Amino acid sequence: AQKITQTQPGMFVQEKEAVTLDCTYDTSDPSYGLFWYKQPSSGEMIFLIYQGSYDQQNATEGRYSLNFQKARKSANLVISASQLGDSAMYFCAMREILNFGNEKLTFGTGTRLTIIP
Amino acid sequence: GAVVSQHPSWVICKSGTSVKIECRSLDFQATTMFWYRQFPKQSLMLMATSNEGSKATYEQGVEKDKFLINHASLTLSTLTVTSAHPEDSSFYICSAPSQGSGRYTGELFFGEGSRLTVL
């Protein structure tokens, strides 16, 4: 069974500062994928970044980067130069391949990030 | 990029009625779609996996007869909450992988979500 853990229920960060959102996972599968999604108050889920378990380099997408430490089973999201619009809930998720090719995406409990002007 | 559209965004219904929520992939075919439920200030919980041409796969604890899922075509999956009760009030959100197989494509596209309120 897999598990996604986000230990920070909420964070307050000054605008323009960098912020790291923690995510640890637990799986016995050799192949898996890790995602970060942003959910603003409107409820939509916005894809931010993806890291495959076999990817050699840490994923980066603009101001977002994923600090992937496979041995520690952590996949922290780093947001550089935070902006007011970054205030939202952030979810870490892991994709697991089940039997017969079925797949499942499991989410962490989320971190509510608030950017302070 | 790929888009998933969900309808309706908001629905209010009386207790005992049934509500249908549609999830459409607009510019790609999705053989698999996922239905999630999210309670206020909580995470997304996978309810079921919708498979085109076959029965949906439900997660443990999710009532199949309560939450009917039909994957009618490669671009449409529907979730019907039957005989809705106030405890079914929640935010329901669907997602689909950007490619048909969904294997490590790197991205799942989510619908806008549907907020159901049962009076």
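A brief report on the enclosed structure follows. (Residues numbered from 1 in each chain as written. Chains lettered and ligands numbered in written order. Predicted model: local features only at pLDDT ≥ 70, side-chain atom pairs only at ≥ 80, totals over all residues. Heavy atoms only, no water.)

Description of unusual backbone geometry
Residue and element names in this part refer to chain B.
At step 1: Backbone torsion omega between histidine 7 and proline 8 reads 0°, so that peptide bond is classified as cis.
At step 2: Along the chain, proline 8 falls in the loop between strand 1 (4-7) and strand 2 (10-13).
At step 3: Within the chain, lysine 41 stands out as a residue other than glycine whose phi angle is a positive 60°.
At step 4: Relative to the helices and strands, lysine 41 resides in the loop between strand 4 (32-38) and strand 5 (44-51). (Helix = DSSP H or I, 4+ residues; strand = E, 2+ residues; numbered from the N terminus.)

Description of the packing of aromatic side chains
At step 1: In this structure the tally under the stated criterion is 14 aromatic pairs over all chains.
At step 2: Aromatic pair phenylalanine 35 of chain A and tyrosine 37 of chain A: ring centres 5.9 Å apart, planes at 20°, arrangement stacked. Of the two residues examined, phenylalanine 35 of chain A and tyrosine 37 of chain A, each falls in the buried class.
At step 3: Measuring from centroid to centroid gives 6.2 Å for phenylalanine 91 of chain A and phenylalanine 107 of chain A, while their planes differ by 90°, and the two rings are edge-to-face. Highlighted residues: phenylalanine 91 of chain A in strand 10 (residues 88-97) and phenylalanine 107 of chain A in strand 11 (residues 103-107), separated in sequence by 16 residues.
At step 4: With a relative accessible area of 0%, phenylalanine 91 of chain A lands in the buried category.
At step 5: With a relative accessible area of 8%, phenylalanine 107 of chain A lands in the buried category.
At step 6: Connected via pairs of aromatic rings, a cluster forms that spans Phe35, Tyr37, Phe47, Tyr50, Phe91 and Phe107 of chain A together with Tyr36 and Phe110 of chain B. (Phe/Tyr/Trp six-rings, centres within 6.5 Å; stacked < 30°, edge-to-face > 60°. Buried < 20%, exposed > 50% of the residue type's maximum accessible area, 1.4 Å probe, protein only.)

Examining the pairing of strand 4 of chain B
Residues and elements named next belong to chain B.
At step 1: Of all 7 residues that make up strand 4, 7 are buried, and the element is covered over most of its length.
At step 2: Here 7 bridges tie strand 4 to strand 5, and the two strands are oriented antiparallel to one another. Bridge assignment links phenylalanine 34 to a residue of strand 5, and that residue is threonine 49.
At step 3: A loop of 5 residues connects strand 4 with strand 5, the two strands running antiparallel in sequence, and lysine 41 in this loop sits at a positive phi of about 60°.
At step 4: In this sheet, strand 9 (residues 90-97) lies alongside strand 4 in antiparallel orientation, the contact comprising 5 bridges. Within strand 9, the residue paired with tryptophan 35 across the bridge is cysteine 94. (Pairing = 2+ DSSP bridges.)

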